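Listed here are the chains, written in short residue letters.
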Amino acid sequence: MSENVLVSVHNVTKSFSLAGTFKKKRHTAVNNVSLDILKGETLALVGESGCGKSTLARLIMRLTEPDSGEIIFDGTDITSLSGRALRPFRKRMQMVFQDPASSLDPRMKIRDIIAEPMEIWKICPDRRERAERIMELLEMVELKESALDKYPDQLSGGQRQRVGIARAISIDPELIICDESVSALDVSVQAQILNLLKRLKKKLGLSCLFISHDLSVVDFIADRVCVMLNGEICETAEPDILFTKPQHEYTRYLISSIPEIKAFINGGKNEYHQ
Amino acid sequence: MKDRLLEIRDLTVSLKKKNSSIPIVKGIDMIIKRGEIAGLVGESGCGKSMTARSLMRIQPPSAIVDGSILWYEADGTSTDLTKLKEKELRKMCGPQIGMVFQEPMTSLNPMIRIGDQVAEALLIHKMAGSRREARDKVIRILKEVGIRDPELRYRSYPHELSGGMRQRVVIAMAMICEPKLLIADEPTTALDVTTEAQILKLIRQMCTTRNMSALVITHNMGVVSQLCDRVYVMYTGRILERAPVGEIFSKPLHPYTKGLLSSIPRIGSNPEYLTTIPGSIPETDQKTSGCEFCLRCSEDERRCFFEMPEETGYAEEHYVRCFAAQHRMEAENE
């Protein structure tokens, strides 16, 4: 079992202080959470806004420090590592953000955006090799070569998100964290990006932590789903089981809230339209 | 005729640029009946918000609006909203037409207590005799939209409320003058699913209890299926298909509608990959005499490229603008 685990989170807690400098009030964003991300697995994290999904992702990336608990990446405890010792681990996990417009530097060309991580990690230092690698990445995310000399604002939302994905996979990470990566996109574009993510994951054997509030998206992409509520994980299950036999009351509430169109497809009528 | 509330005839909106104009809405027709919720669906940039804004004449200053928007009174007489003077139209906005915007954070003034913001419309339209009466009305409506402790919340500022609560306040603002038509532009896009469900239920409930009509603009097919009675599918400024809600989901005719529906991941269906619409929406300055969708269409014919198909009826109140769909209908009839 433990050989298959890429990231293991043990009893992690993180709280933030609220209001005034002298007040002692604190908000616990992540409360005593434990989870494992297996190798090659897509683990989805669902829950309402403010339930701590993003904070948990930032903790795993070591972008924020946990108050207590430990985060183990491929057998090494990275909670106490800092600076230089942490650097090799940074290369092994990458993030795809929600808003592709604000996560790409508007003053950089697409070519430079995709090349920047390779520059930092000194991958493919040879110019020709680097150009080849960029072309290969473009092909993987299904972008045209003409996009390379454009600026982010010249691309559509879907294309920008493809650039964000190309940048994340450019240094062959083992874990990709997608924080609401498809929620800002139109349905037809969202479907394209979801297919792309699934295909890439299969091809590169990536592990993926997929954060979303959209349960139908999660059902499509995830191997396992964690439902979060008020900073705690209240249920973990495979999507098939989660949607057919939800155990926790909150999961049931979430599922009942999805605007469902299945009834119409089957020729029936929705409960709202009697 | 009597059950009509609003009729849009050949509405066009174009944006003026230096020496050209870009068409955004290209001649749409729409009828909203009394007590009915109409849904306008389409992807970003297809002109749905521009349509809604031009109804209330709050489009950007560079936009040119053409066509007629007929408002029907209960006795069957109609007035054209586009021909009204600014002052007369402003009298309509509030008492007759209310609008809910997408982002509850930006459509509320952060410096004013929410109660006073909701009361503003009442005082402007002189629908309350005194401030006290206005206050009572506001508290009643806040309660109706599901805000707990409305007396206390009256004095809250927008930042003190959650997203769902703020959206309820925005709905209360639109509803306070008891309009006959509610225009809701992406009312739940910024909200969580659980809150979304509550807000949808609230809008539906309000429409039923007050016999109010609504025009709901959204890109979410799930929202449409839960809320709307009639659906208009819009693509690059044109209505490609319109039908009662059940028909659109059980018998979609236009390839674009079909594509949209199949793009939505559905719980329990477990496909390996989703069916997608290839390509992306065309640039606004791209001109074609034919169907704008033909480059992404799976059933395109040669003439789609040169000719815009006319709207043809498939069933009662189910219309589609597509050659391929026409052929299929003809084959079906034979």
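Placed above this text is the structure.
Residues numbered from 1 in each chain as written. Chains lettered and ligands numbered in written order. Predicted model: local features only at pLDDT ≥ 70, side-chain atom pairs only at ≥ 80, totals over all residues. Heavy atoms only, no water.

Draft legend 1. Inspection of the packing of aromatic side chains at higher detail. All names here are of chain A. Inspection of every chain in the model, using the stated rule, returns five aromatic pairs over all chains. Where Phe73 meets Phe89, the ring centres are 5.9 Å apart and the plane angle is 80°; that geometry is what we call edge-to-face. Taken together, the residues Phe73 in strand β4 (residues 68-73) and Phe89 in helix α2 (residues 87-92) connect sequence positions 16 residues apart. What makes Phe89 buried here is its relative accessible area of 10%. (Phe/Tyr/Trp six-rings, centres within 6.5 Å; stacked < 30°, edge-to-face > 60°. Helix = DSSP H or I, 4+ residues; strand = E, 2+ residues; numbered from the N terminus. Buried < 20%, exposed > 50% of the residue type's maximum accessible area, 1.4 Å probe, protein only.)

Draft legend 2. Examining the pattern of salt bridges more closely. This model, assessed by the stated rule, comprises 32 salt bridges over all chains. In this structure, Arg62(A) engages Glu65(A) in a salt bridge whose closest nitrogen and oxygen atoms are separated by 2.8 Å. Glu272(B) is the partner of Lys202(A) in a salt bridge, and the nearest nitrogen-oxygen pair spans 2.1 Å. Remark: Glu272(B) occurs in the loop between α10 (255-263) and β11 (312-315) and Lys202(A) occurs in helix α6 (residues 187-204); the pair is interchain, linking two chains. By relative accessible area, which is 43% here, Glu272(B) ends up partly exposed. Within the structure, one salt-bridge network assembled from shared partners comprises Lys39(A), Asp74(A), Arg92(A) and Glu174(A). (Salt bridge = Lys/Arg side-chain N within 4 Å of Asp/Glu carboxyl O.)

Draft legend 3. A look at empty space enclosed by the protein. Residues and elements named next belong to chain A. In the structure shown here, the tally under the stated rule is three cavities of 30 Å³ or more. Approximately 90 Å³ is the volume found for the largest cavity. Surrounding the largest cavity, Thr42, Ile165, Ile169, Ile176, Leu197, Lys198, Leu200, Lys201, Leu206, Cys208 and Ile221 form its lining. Among the elements of the structure, α5 (157-169) and α6 are those that each provide at least two residues to the lining of the largest cavity. (1 Å grid on protein atoms, 1.4 Å probe; cavity = no way out; pocket = protein on both sides within 12 Å on 5 of 7 lines; lining within 4 Å. Points joined across faces, edges and corners; volume = space filled by probe spheres on them.)

Draft legend 4. How the structure looks around the interface of chain A and chain B. Across the contact, 35 residues belong to chain A and 43 residues belong to chain B. For the pair chain A and chain B, the summed buried surface comes to about 3,600 Å²; carbon and sulfur atoms form 57% of the total. Linking chain A with chain B are 10 residue pairs in polar contact (both at pLDDT 80 or more). Only α6, α7 (215-221), α8 (239-244), α9 (249-257) and α10 (262-265) of chain A provide two or more residues apiece to the side of chain A that touches chain B. In terms of residue count, the dominant contributor to the side of chain A that touches chain B is α6(A) (11 residues). Each residue belonging to the side of chain A that touches chain B can be placed in one class, and the counts come to 16 nonpolar, 10 polar and nine charged. (Contact = heavy atoms within 4.5 Å. Buried area = accessible area lost by both parts, 1.4 Å probe. Polar contact = N/O pair within 3.5 Å; in protein donor to acceptor, adjacent residues only side chain to side chain. Nonpolar A, V, L, I, M, F, W, Y, C, P; charged D, E, K, R; others polar.)

Geometry only, nothing functional implied.
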